[in-house]
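Listed here are the chains, written in short residue letters.
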Amino acid sequence: MPGRATGVKLAGMRAYRAAILRFADDHSPLYEADGLLVVGPDAQGRRVVRAVGDHAALVGNYPGLAVEDLRGKLIAPGFIDLHVHYPQTDVIGAPAAGLLPWLENYTFPHETRFADPAHAAEVAEVFLDELARHGVTTALAFSTSHPASVDAIFEKARARGLRFITGKVLQDRHSPDGVRDETEQSLIDTEALIQRWHGVDRLGYAITPRFAPTSTPAQLRGAGELAAKYPDVWIQSHVAENRDEVRWAAELFPESRSYLGVYGDFGLLRERAVYAHCIHLDQADRELMASTGTVAAVSPTSNLFLGSGFFDYAAADAAGMRYGLASDVGGGTSFSPFHTMLAAYCVGREGQTKPGLSLTPGQLWWQHTAGAARALGLEGVVGNLQPGHEADFVVLNPQATPLLARKTAQADSLDELLFALIVLGDDRVVERTTIAAAQHR
Ligand code: GUN
Ligand code: ZN
């Protein structure tokens, strides 16, 4: 039987021939112009990358294995969105004079509707379709304050076999009727949801205080206690996005050294804690992020749309802070990782530290794949196509539009190819999104 000769069992294995992008341990991009990706079950039955590399060098190890010929296409790790709000799918593009009026006038009214499980289920389906269409295979997402909104999206993510993390928003003050929760019940609900969902298949729970101004100290304390009790559960929130918000947090928590310090004071800074934005931080804040293993979800399209400011890459790197990229839909303007990477490039050029950086396409792509996985504590699990990683990947078409076809045909280096995709790419480039076993689109 084919396969016996080399001792390789072919049951459940699949192979793809295409150009392949993955990342080395030092974060640099690795590229096979004519590559082979072999996917199959591991000892635990998870679908993982079994082998990857040059086609000619590898194919002889798998006699009898059918290889799907995708030459002309680029296989790359599925993208990871480090911060996104599924209930804000319909909020994209809502104009407002900055964060706080945007929340009050658009976001909270929209989120009120998620008390209705049927509405939550309908939006969850659209949202997950959008992630797949854009090549996003893992997300750390906000639900709303309604526990049913969490059940709705977890049920659908589970059915699709997605690696997906979300949580019930905690917001027991300064929030209108319809989204405001009640302190004690919110913590009971959070713990029940952790027990129901965390670690089920590929799902994970995130303790989700919306942001310090909408939680009482008692709610933040309770969230911190749960974070200590369940150390492998994630934490997600927002910090230092907007100057008015920073002032408000300082008024509400005068004892804390800084806005970020509020979260530290309540035990909410640790590994697996992800804070969106992190724009208006100081040096001590950045060092606190680094020393606690807390990470930033850099959300450049949101920061540009809401006029919040520019993430300071140079200062983050100097402090040894970890970060990854995020859409922050619906403050963000696009589900597309290509749009997010382009906006991150522009933000890096601007920066706060002059002269600005020129992030390389490999760095940008890493921040949205392997780097985002590392930020989540999922290094070695998702976000890369090295052997042993779960087989979440995208098939990209570098000829998806006439201009892209022209531009990629002229690319003389990997940097030029990746930059063409980042600058000109969108969902038209994503030909296929494969989530471990299941294939979408
Ligand atoms: N701060 C508190 N809530 C939100 C939100 O929904 N979006 C953004 N961008 N910032 C927030
Ligand atoms: Zn957000």
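Residues numbered from 1 in each chain as written. Chains lettered and ligands numbered in written order. Predicted model: local features only at pLDDT ≥ 70, side-chain atom pairs only at ≥ 80, totals over all residues. Heavy atoms only, no water.

(A) Representation of the confidence of the model for the protein in the model. Taken as a whole, the protein shows an average pLDDT of 95; of its residues, 96% reach a score of 70 or greater. The model gives residues 1-5 a pLDDT under 50, and that stretch makes six contacts with residues more than four places away or in other chains. (pLDDT = per-residue confidence, 0-100. Contact = heavy atoms within 4.5 Å.)

(B) Up close: the coordination of the zinc ion (ligand 2). Looking at the zinc ion (ligand 2), the protein donor atoms are His83 (NE2), His85 (NE2), His238 (NE2) and Asp328 (OD), and they sit 2.0 to 2.3 Å from it. Geometry at the zinc ion (ligand 2) is irregular, judged from its four donor atoms and the angles of 90 to 166° they form at the metal. On the accessibility criterion, His83 (1% relative accessible area) is buried. (Donors = N, O, S within 2.8 Å, 3.2 Å for Na, K, Ca; no water. Tetrahedral: all angles 85-135°; square planar, octahedral: opposite > 155°, others 65-115°. Buried < 20%, exposed > 50% of the residue type's maximum accessible area, 1.4 Å probe, protein only.)

(C) The pairing of strand β15 (residues 430-435), seen in detail. Most of β15 sits out of view: five of its six residues are buried. As paired strands, strand β14 (residues 393-396) and β15 are joined by four bridges and run antiparallel to one another. Considered in β15, the bridge of Leu396 is made with Val430. (Helix = DSSP H or I, 4+ residues; strand = E, 2+ residues; numbered from the N terminus. Pairing = 2+ DSSP bridges.)

(D) How the structure looks around the site of ligand 1. Around ligand 1, the neighbouring residues are His85, Gln88, Leu99, Trp102, Leu103, Arg210, Phe211, His238, Glu241, His277 and Asp328. Here His277 contributes a side-chain N or O atom positioned 3.5 Å from a nitrogen atom of ligand 1. Note that a nitrogen atom of ligand 1 is positioned 2.9 Å from one of the side-chain N or O atoms of Asp328. Contact with the protein chains removes 100% of the 280 Å² of surface that ligand 1 exposes when unbound. Ranked by residues supplied to the shell around ligand 1, first place goes to helix α2 (residues 99-112) with three residues. Residue composition of the shell around ligand 1, grouped by class: four nonpolar, four polar and three charged. (Near = heavy atom within 4 Å. Polar contact = N/O pair within 3.5 Å; in protein donor to acceptor, adjacent residues only side chain to side chain. Areas by Shrake-Rupley, 256 points an atom, 1.4 Å probe, with all protein chains shown as cover. Nonpolar A, V, L, I, M, F, W, Y, C, P; charged D, E, K, R; others polar.)

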